[in-house]
Amino acid sequence: MATPDPAAFAPLPDTQFHELQQLAAALRPEQLWWTSGYLAGLAQSGVQAPQAIPAASELAAATIVYATQTGNSRRIAEQLADRLAGQDVRLVSAGDYRLADLPKERQIVFVVSTHGEGDPPDDAVPFFERLLSKRAPKLEDVRYAVLSLGDSSYEKFCEVGRVLDERLAELGGQPLVDRVDCDVEFEDAAARWIDQLEADLDLSQPSNVVPMRAALPAAPRITRDAPLTGEVLEVQDITGRGSTSDTFHVEIAADGLAYEPGDSVGVWHDNPVLVVEQVLAATGLAGDAVVRVGDEETTLALALTSKRELTGLSRAVIERYVAVTRNDALEAWFGGLERAEQAEILDGWQFADLAKAYPGEVSAQALVDLLAPLKPRLYSIASALGGDEVHLTVSRVSYERDGEPRVGAASNWLGDLDAGAAVQLFVEPNAAFHLPEDPATPVIMIGAGTGVAPFRAFVQARSEAGAPGDNWLIFGHRNFRTDFLYQLEWQRALKGGDLARLDVAFSRDGDERRYVQHVVADQAAELMAWLDRGAHIYICGAIAMGKAVEAALVAAVDASGGDGEAVVSELKAERRLHRDVY
Amino acid sequence: MSTDVERIKQASRGLRGTLSESLVDPLTGAIRADDTTLSKFHGIYQQDDRDLRLERQRQKLEPAFQFMIRARVPGGICTTEQWLAMTRISREISDGTLRLTTRQAFQWHGVLKAGLKPLIQTIDSVLMDTLAACGDVNRNVMASPNPHRSKLHAKLHEVTLSLSQHLTPRTGAYHEIWLDGEKLARDEPEEEPIYGPAYLPRKFKISLAIPPDNDVDVFAQDLGFIGIVEDEELIGFNVTVGGGMGATHGDPQTYPRLADVIGFCRPEDVNHVAEHVVGVQRDFGNREVRKRARMKYTIDDRGLDWFVAELNSRLREPLAPARSFRFGRHTDRYGWVEGDDGLWHHTVYVQNGRLHADQLDALEGIATALPDVSWILTPNQNLAVANVPADGRAIVEAQLEAAGLMGSVTPLRAASIACVSMPTCGLGMAEAERYLPTLVDHLEAVFAEAGVPESDTVIRMTGCPNGCARPYVAEIGFVGKAPGRYNVHLGGDGRGQALNTLWAENRDEAEILDGLRPVIERWAAERENGERFGTWVRRTGIVEEAA
Ligand code: SRM
Ligand SMILES: Cc1cc2nc3c(=O)[nH]c(=O)nc-3n(C[C@H](O)[C@H](O)[C@H](O)COP(=O)(O)OP(=O)(O)OC[C@H]3O[C@@H](n4cnc5c(N)ncnc54)[C@H](O)[C@@H]3O)c2cc1C
Ligand SMILES: Cc1cc2nc3c(=O)[nH]c(=O)nc-3n(C[C@H](O)[C@H](O)[C@H](O)COP(=O)(O)O)c2cc1C
Ligand code: SF4
């Protein structure tokens, strides 16, 4: 019997296998040993083996991107696309274009106009901002062309096209044809440019060469106690003016952070100044008092800022505070409460609330010693685009107690960061909330408020992987106009097929309060049909909402003639009902 | 583009499209793209708050979609009951303001999708509509208010109403969609006897004037009727065709054009003549190139003689020769006038036609105390309270005072108008309504320093070259080019009978003021017996006579 051909079993495309063979042939024995260990280590260290960069062949041979305000650029782009009809060409507006695709393009053609005072068309502004930022990707094998529309009676004639051209070249792109700047009467120049491109574009099927990823450095393990230092790229409000809540989107460069959609990230925050000041005021202590934390000498203010938990309260902290201050009144009061009342205090009070209500003599050092160490906060990962970025969706906690402002520590600290700030983070895997293994399995995602975050990662991941399974998102929040988190992205996903269905419930728009569980009830029949097709259900958001949705599921099955309780527990047993509530 | 609009109209089943579905789509505040074309025929424009556009895009939210609704008010006259319903809409459904337009109509801004049906139902409840306030049909028919000539005006109004009625589309879509009326039994839309299934190639505008007042800018209209009065009787109208303002920067294929006078007809023939002018445009207007689809281009492409011959061949009898007429002004007269029936009328200046919530509240006082007055919207975006008995005048004055509408305004400001533009108009390139008052502050100073503080030079500003405030017949016209920058046109005649000429391009505020100051000073010093600024700049060759 002949030895089986290893290539037949390798989960690698032929070309990669071939390259591997070539590499192996070139290595000396000791190099070969080292390499095998290195690769095995990589596989084991929890570093998710990077998903092969989508082969260039997944993108069209040429992409035409237009940026238009009044439609001229779009029309020219369409003319070009029409001319190349039947070939491997993609047409997309700059507003819809994903910058992450840029380095993967073979040939990319831009038709852009200039507006305002040398500005890009409105919907292309974010594209240009990113392209001009330092986050822009390097373009090595990308060939590009630019047609620029403008009006020479303006001072900044065709500014946008010129800047684009220069930037693409700076990033390493190779011009296909020279840029053409068109004046108001652009038709002839545009037609000539189209002719030229038709001649110069290479629309043969791309070869199937998959670029080998450069060897990864041995990745150190990232843990809660050995977090990774990420860099904030952007903090962006995503609730509109007049919203009753304040939710923001954070993008962090986190080189080497490996995660799967469904995982959370742990963030080591500092306590905001306001929180520290409130504790100092309630205890009557001075922030510059010198204290020891472990072996380290520092000031009380610094210790409270980055070493101690101030907004979460625990039974142990109350006990230690009672002991230090000999606060009998506090002991008597707290001890006399029902268990549930105590839980309410522990959940709702910050340390400053306690110290204000029951003042007592405490030294700076004693305070540091009685408080618990700072605890990191978890946030669902809202991205799956790779590119070593992690995105979060965070709702800012702020409220009043007795007329005084109170803020949540981590959410406010994060929300006030500027681009460039450092963040310590680590991954908290959540295996129970990962996507089904079979990419063809349909998924139903039910999320309210920031509960939508992991679903953004799900949809991105399934889109990127070309997963054939249908995705159904049921989203709820307060007001349609201001709180439809990631509305534009969901609309696009629906249009492009990355979402098969999208249902929404806004609780404060109409006279009656409508929540996601009402959608579940209304869509009972459709839901059953999806479950029959093997769908998995994911629920994410507040604890109460999770319960309400589960109850609605039970009722929906009952309503369609089944045994709700039984079906739901079966779903759980089959690991088809996943919850991530907080 | 044009083919798109034509396709949508054709396929719309009498302007229905998928509007009903669009209205209930919970995923967007917008309606479907094709429906945005159709909604215009129902008086509804989809817009978005441009002040928030970038902000919301960063927030990953769709644009702040909202709607502008326009209600037709033929001749600009409405009853107190109607007026109150209009103001109620401002308070309860729109952004709180009521906008009086340059075509004597009402507009509301900032209406959300869910507010559309209630709004239209409110309008319907007082026997008004928004149908055909926009779209490729005949728009709101304008008529000079002329309240002091009560008898003539009554006759003019009768002709106006009848004409407006005659040219209203017959489609039942409006009732079906907005008023929950009966659905079409078969899927077959009703006949449009005047328009046909594809309606007109482009919007169509009519106004009626009685000299000496040309407040309706009859020469800026596709079709105009100039009242001819003998012995205080309205004996008929001169007919004008081919006016229009709209143009596109840098495109010589588009331009403003003044209408030509082509003959005379009797009052009872007005509907007949109008129907056939519409018919000629319907059959010969350009449906390939939307930019060239207005009737002014149909006339220029085929010649005026051809047009008149084609029209006459369709009329019961050809038009009679035109009579002589003379216009004096195209701005409003303010203050009280007594009609020949003994009732009183008071016209006030409303800055750019925008009435705010507190002003509407104060005006309600008039409605409560004097329910029999009428409310007249003027073609210059102003308001007249009409048919006030002599003993009601004090109440009217008190409430107008409370509304801040009695303050003294320089003649320069009183003769100025601006279109809407930012933040609602999707076509605006520069501010207009929100900026003109500031520019007029500066110009007032320039005129005062030149020694002519009493000047009523007509100033008009638009945010783009479409010309919604008819800037090309102003003595000084500002046409938006980019944020903070305007093309400056000089040379109207104060009567709406002369086009002005482009004088300076793409100017910011400082350049505008520095450029105009010496010209205004020279005019103040050199003009001959009260010669108007616009006439003088042309006579002295500062700008060439428009072609
Ligand atoms: C409200 C009003 C200006 C005002 O400040 O009062 C107005 C506002 C708009 N006009 Fe106008 N036009 C208004 C009188 C005019 C006039 C003056 C007139 O009719 O006497 C003109 C010039 C005369 C003419 O038609 O030639 C005018 C020529 C245009 C044009 C250019 C048409 C053309 O032939 O090129 C457009 C653009 C278009 O139709 O494509 C336009 C389009 C618009 C739109 C609807 C923008 C759009 O299409 O998206 C503007 C809505 C802005 C907003 O947010 O409210 N509007 N528009 C006037 C409403 C009149 C009414 O009640 O029906
Ligand atoms: C697995 C997991 C995933 C999560 N994912 C996300 C996510 O994607 N997005 C997200 O925003 N959060 C998420 N959270 C919650 C997040 O971890 C934090 O708990 C949250 O941001 C608040 O932290 P903070 O430090 O700002 O507030 P803290 O400083 O912890 O303060 C919160 C305290 O304020 C109290 N409080 C809040 N509002 C009021 C009020 N109105 N009146 C009285 N007391 C009040 C609370 O009871 C609590 O004690 C997740 C949590 C978990 C466990
Ligand atoms: C408000 C406005 C501002 C403009 N500003 C500029 C400018 O600064 N520089 C320029 O070259 N062209 C400018 N233009 C001209 C446009 O770029 C030109 O009309 C182009 O054909 C529009 O293409 P689009 O329809 O694809 O947006 C401006 C146009 C508008 C309407
Ligand atoms: S003139 Fe232009 S900017 Fe002004 S309202 Fe009309 S279309 Fe809008």
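Provided above is the structure to which this section pertains.
Throughout this description, residue numbers start from 1 for each chain and increase along the sequence as written. The lettering of chains begins at A and the numbering of ligands begins at 1, in the order of writing. Totals for whole chains, interfaces and linings use all residues, but because this is a predicted model, local features are given only for residues with pLDDT of at least 70 and pairs of side-chain atoms are given and counted only at 80 or more. Values shown for side chains rest on all heavy atoms present in the structure; no hydrogens or waters enter the calculation.

Structural notes on the pattern of salt bridges
Moving on, step 1. Any carboxyl oxygen of Asp or Glu that lies within 4 Å of a side-chain nitrogen of Lys or Arg is treated as forming a salt bridge with it. In this structure the tally under the stated criterion is 84 salt bridges over all chains.
Moving on, step 2. With a closest N to O distance of 2.9 Å, A:Arg179 and A:Asp181 form a salt bridge.
Moving on, step 3. Note that B:Arg91 and B:Asp361 form a salt bridge whose closest N and O atoms lie 2.9 Å from each other. Remark: B:Asp361 occurs in helix H12 (residues 357-369) and B:Arg91 occurs in helix H5 (residues 80-92); sequence separation between them is 270 residues.
Moving on, step 4. Exposure is judged per residue with a 1.4 Å probe applied to protein chains only, and the accessible area is read against the type maximum: over 50% gives exposed, under 20% gives buried, and values in between give partly exposed. Classification of B:Arg91 by relative accessible area gives partly exposed; the value is 35%. A run of DSSP states H or I qualifies as a helix once it reaches four residues; a run of E qualifies as a strand once it reaches two. Both are numbered from the N-terminal end.

Some details on the site of ligand 4
Moving on, step 1. In this text, near means that some heavy atom of the residue lies within 4 Å of the molecule or strand in question. Near ligand 4, the surroundings consist of B:Cys419, B:Val420, B:Ser421, B:Cys425, B:Leu427, B:Gly428, B:Thr462, B:Gly463, B:Cys464, B:Asn466, B:Gly467 and B:Cys468.
Moving on, step 2. Ten residue types, Ala, Val, Leu, Ile, Met, Phe, Trp, Tyr, Cys and Pro, are classed as nonpolar, four, Asp, Glu, Lys and Arg, as charged, and the remainder, Gly among them, as polar. Of the residues assigned to the shell around ligand 4, the class counts are six nonpolar, six polar and no charged.

A short note on the environment of A:Val554
Residue and element names in this part refer to chain A.
Moving on, step 1. Inspection of the secondary structure puts Val554 in helix H21 (residues 543-559).
Moving on, step 2. Spatially, the C-alpha atoms of Val554 and Glu389 are 38 Å apart, while their sequence positions differ by 165 residues.
Moving on, step 3. Contacts are assigned to residue pairs that have any heavy atoms within 4.5 Å of one another. When residues no more than four places from it in sequence are discounted, the contact partners of Val554 are Gly564, Glu565 and Val568.

With respect to unusual backbone geometry
Residues and elements named next belong to chain B.
Moving on, step 1. Put simply, Pro211 and Pro212 share a cis peptide bond, and its omega is 10 degrees.
Moving on, step 2. Tracing the backbone through its elements, the reader meets Pro212 in the loop between strand E7 (206-209) and strand E8 (223-230).
Moving on, step 3. Here the amide bond leading from Met422 into Pro423 is cis, since omega sits at 0 degrees, within 30 degrees of zero.
Moving on, step 4. With respect to the helices, strands and loops of the structure, Pro423 is situated in the loop between strand E16 (416-418) and helix H15 (436-449).

Regarding the packing of aromatic side chains
Moving on, step 1. Side-chain rings of Phe, Tyr and Trp, where Trp is taken by its six-membered ring, are said to pair if the distance between their centres is within 6.5 Å; with planes under 30 degrees apart they count as stacked, over 60 as edge-to-face, and otherwise as tilted. If you walk through the whole model with that rule in mind, you get 35 aromatic pairs over all chains.
Moving on, step 2. Aromatic pair B:Phe325 and B:Phe327: ring centres 5.6 Å apart, planes at 65 degrees, arrangement edge-to-face.
Moving on, step 3. Under the relative-accessibility criterion, B:Phe327 is labelled buried at 1%.
Moving on, step 4. Within the aromatic cluster, the residues linked to one another by ring pairs are A:Tyr97, A:Phe110, A:Phe127 and A:Phe128.
Moving on, step 5. Positioned above the aromatic ring of A:Trp530, the side-chain terminus of A:Arg533 is 5.0 Å from the ring centre.
Moving on, step 6. Criterion for a charge above a ring: Arg CZ or Lys NZ at most 6 Å from the ring centre, at most 35 degrees from the ring normal. In this structure, B:Arg527 packs its charged tip against the face of B:Trp523, placed 4.8 Å from the ring centre.

Scope: geometric values only; no functional claims are made or implied.
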